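Architecture and fold: a report
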Amino acid sequence: MSQYFGSERGTVSPRTSLRKLHPTLSAHSGTQFPNAPRFGNHIPFRAFKAGRGFPEKVSTTYRRRLRLLRAHRAPACGGGILAYGAIMGACIVGGIFESVLGAFLKPLRKFFPPIVTGSVVIAIGLSLLGVGINYFCGGSGKADYGSLPNLFLGFVVLVVIVLLKHFAPQKSILSSSAILFGILAGYVVAIIMTLTLPHTGIDADGVQYTYSWVVDFAQVKNAAWIAVPSFIGFGALSDVKITFQASAIIPIGIMFIVTAIETVGDISACIEGGMNREATDSELSGGVICDGLGSAFAALFGVLPNTSFSQNVGLVSLTKVVNRFAISMGAIFLILCGFCPKIGALMSIMPQSVLGGAAVMMFASILISGIQLITKHPIGSREITIISVAIGLGYGLGATTGATAHLPYYVQLIFGGSGIVPCSLAAIILNIVLPKESKPVREMWELEDK
């Protein structure tokens, strides 16, 4: 933490702090994962109508935005541990603010018709295509990126998934769990390669490096059996004190607005892909409320804000598994990873190329879900304009590195590094401004009769 926010007043070792925070990250992700389950009113968030019975996983993805916060705002918060405490306080306020937005989302539902949510889902799918390929090739920045062993592992996983999905009995566990079996097959192949092939190579500069596909069981050996998450102000986080400062609350509050928009898109894609229908007002509202309350609750344990994971949408779209009991088992597994670091380490050492074999297919399926949302209704020239501008200008502007480099800080905070938010805003504005046609030109899938 002191490394991330400056070390002027921080004395905690960054490596030690992040290692001690890891159990909290996994455990909290598991507790908030039941955005899906509703088979018990004992879940605290149910009192606030948070979570509406759909399988949407959340986790921390704020590294880019917090890097901007460090560069521009952390010194104003005192630097080091003081800055981290101010950011946790801002996350509590921001999380509550997002929950309020979720509670009032129903009146705003008219601004999110299928043409808007479909465009957002397409932007989400496009933003993940490059991520999937990077995984498939071994991980961005790796010395052996795109090497034959990495590509081989990715193809093994992909081939196993396709074979099981379409050649195994359709209602069997082999078909419904094709992605799981594909990843397990790739993991086993990676372990065999680790046991039989050399582990290191030499780059163009003559520097030795370890191949990214190597499974390093030393991390599992060195991980502890039991770890208990620390409450902020106690234990490993005893030096962190929650404070509330406007210099941190304002930018993080803006980020929570961004998160709410992204969550609406993820929920829409998840419902469309898994249940073949549009998300209801209560589902969108409950999901955003859960997202906000979960982030506020996470801050009490020193965990950075959470947001819905678009990757999960692809998994639901491919498997069609939306059973609450099954999703709850996944949540329990995440909690176990938090309390038992050895289990978490066993998952974390899996080569990225193994995950990439499944990711390229899952992420592309999100794009298909967006297309399905849009084509549920006839497509006319008005709809084509909205989609074209939202995807072309909105997504292109946000996803292109350096496109917003000379804009004000807060504009970069909202639009920089992600095309989802500018795409959403462009689609919402155009849907309000452009006049509605009396009838569509033609449906997208039909030819004109001659």
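Relevant structure appears above.
All of the points below concern the structure found in this document. (Residues numbered from 1 in each chain as written. Predicted model: local features only at pLDDT ≥ 70, side-chain atom pairs only at ≥ 80, totals over all residues. Heavy atoms only, no water.)

Turning to the overall build of the protein chain, a few remarks are in order. When you go through the protein chain residue by residue, the secondary structure sums to 18 helices and four strands. Here the protein chain holds 450 residues, and the buried ones make up 52% of them. Of all intrachain contacts in the protein chain linking residues separated by at least 6 positions in sequence, the fraction that spans at least 24 positions is 79%. When the accessible surface of the protein chain is split by element, carbon and sulfur atoms take 67% of a total near 20900 Å². (Helix = DSSP H or I, 4+ residues; strand = E, 2+ residues; numbered from the N terminus. Buried < 20%, exposed > 50% of the residue type's maximum accessible area, 1.4 Å probe, protein only. Contact = heavy atoms within 4.5 Å. Areas by Shrake-Rupley, 256 points an atom, 1.4 Å probe, with all protein chains shown as cover.)

A few words on the pattern of salt bridges. As enumerated under the stated definition, the model contains two salt bridges in all. One salt bridge in this structure joins Arg 382 and Glu 383, with 3.9 Å as the shortest N-O distance. (Salt bridge = Lys/Arg side-chain N within 4 Å of Asp/Glu carboxyl O.)

Over its 20 residues, helix H6 (residues 148–167) extends 27 Å from the first C-alpha to the last, a length consistent with the 28 Å expected when each residue adds 1.5 Å. For H6, every residue scored as buried is listed here: Asn 150, Leu 153, Gly 154, Val 156, Val 157, Ile 161, Leu 164 and Lys 165. The arc that holds every buried residue of H6, seen down its axis, measures 150 degrees, which confines them to one face. Turned more than 90 degrees off the buried face of H6, the exposed positions are Leu 148, His 166 and Phe 167. (Expected span 1.5 Å × (residues − 1). Arc of directions from axis to C-beta.)

Following the criterion strictly, the structure yields five aromatic pairs and no others. Where Phe 231 meets Phe 301, the ring centres are 5.5 Å apart and the plane angle is 85 degrees; that geometry is what we call edge-to-face. Of the two residues, Phe 231 sits in the loop between helix H9 (218–222) and helix H10 (246–275) while Phe 301 sits in the loop between helix H11 (281–299) and strand S4 (306–308), which places them 70 residues apart along the sequence. Since its relative accessible area comes to 38%, Phe 231 is described here as partly exposed. A ring pair is formed by Phe 297 and Phe 301, whose centres lie 5.3 Å apart and whose planes are at 65 degrees; its orientation type is edge-to-face. (Phe/Tyr/Trp six-rings, centres within 6.5 Å; stacked < 30°, edge-to-face > 60°.)

This brings us to the side chain of Ser 369. Note that Ser 369 resides in helix H15 (residues 352–374). Here Ser 369 is in contact with Val 121, Ala 269, Glu 272, Gly 273 and Ser 317, once residues within four sequence places are set aside.

This paragraph deals with a nonpolar patch on the surface. Together, Phe 155, Val 159, Leu 163 and Phe 167 give the surface a local cluster of nonpolar side chains, amounting to about 440 Å² of exposed area. Mapped onto the elements, Phe 155 comes out in helix H6. Residue Phe 155 is classed as partly exposed on the basis of its relative accessible area, which comes to 46%. (Patch = residues over 30% accessible without salt bridge, like charges linked within 9 Å, V, L, I, M, F, W, Y side chains within 5 Å.)

The next subject is the packing of helix H5 (residues 114–136) against helix H16 (residues 381–399). Remark: H5 packs on H16, axes separated minimally by 10 Å, with the N-to-C direction vectors making an angle of 35 degrees. At the point where H5 passes H16, the crossing takes the right-handed sense. Within the contact between the two elements, H5 uses Ile 115, Ser 119, Ile 122, Ala 123, Leu 126 and Ser 127 and H16 uses Glu 383, Ile 386, Ile 387, Ala 390, Ile 391 and Tyr 395. Looking at the contact of H5 with H16, its residues break down into nine nonpolar, two polar and one charged. (Axes fitted to C-alpha atoms, helices over the stretch in contact; angles between N-to-C directions. Left-handed = near helix turned anticlockwise from the far one by under 90°. Nonpolar A, V, L, I, M, F, W, Y, C, P; charged D, E, K, R; others polar.)

Every buried residue of helix H14 (residues 341–348) is accounted for by Pro 341, Lys 342, Gly 344 and Ala 345. Looking down the long axis of H14, one finds its buried residues gathered within 160 degrees of arc, a one-sided arrangement. On the buried face of H14, the contacting elements are H9 and helix H13 (324–339).

Before going further, it helps to examine the nonpolar core. Membership of the largest hydrophobic core comes to 35 residues, with the highest contact counts inside it found for Ile 179, Ile 183, Val 354 and Ala 358. Of all the secondary-structure elements, those providing two or more residues to this core are H5, H6, helix H8 (178–196), H10, helix H12 (310–319) and H15. In terms of residue count, the dominant contributor to this core is H15 (seven residues). Discounting chain neighbours no more than four positions away, the residues touching Ala 358 are Val 157, Ile 161, Ile 179 and Ile 183. (Core = buried A, V, L, I, M, F, W, Y, C linked by side-chain atoms within 4.5 Å.)

Along the chain, the position of Ser 424 falls in helix H18 (residues 420–433). Those residues in contact with Ser 424, other than ones at most four positions away along the chain, are Val 120 and Ile 261.

Attention now moves to the environment of Gln 219. Structurally, the position occupied by Gln 219 is in helix H9. Judged by relative accessible area, which is 41%, Gln 219 ranks as partly exposed. Taking the C-alpha atoms as reference points, Gln 219 and Leu 346, separated by 127 residues in sequence, lie 8.0 Å from one another.

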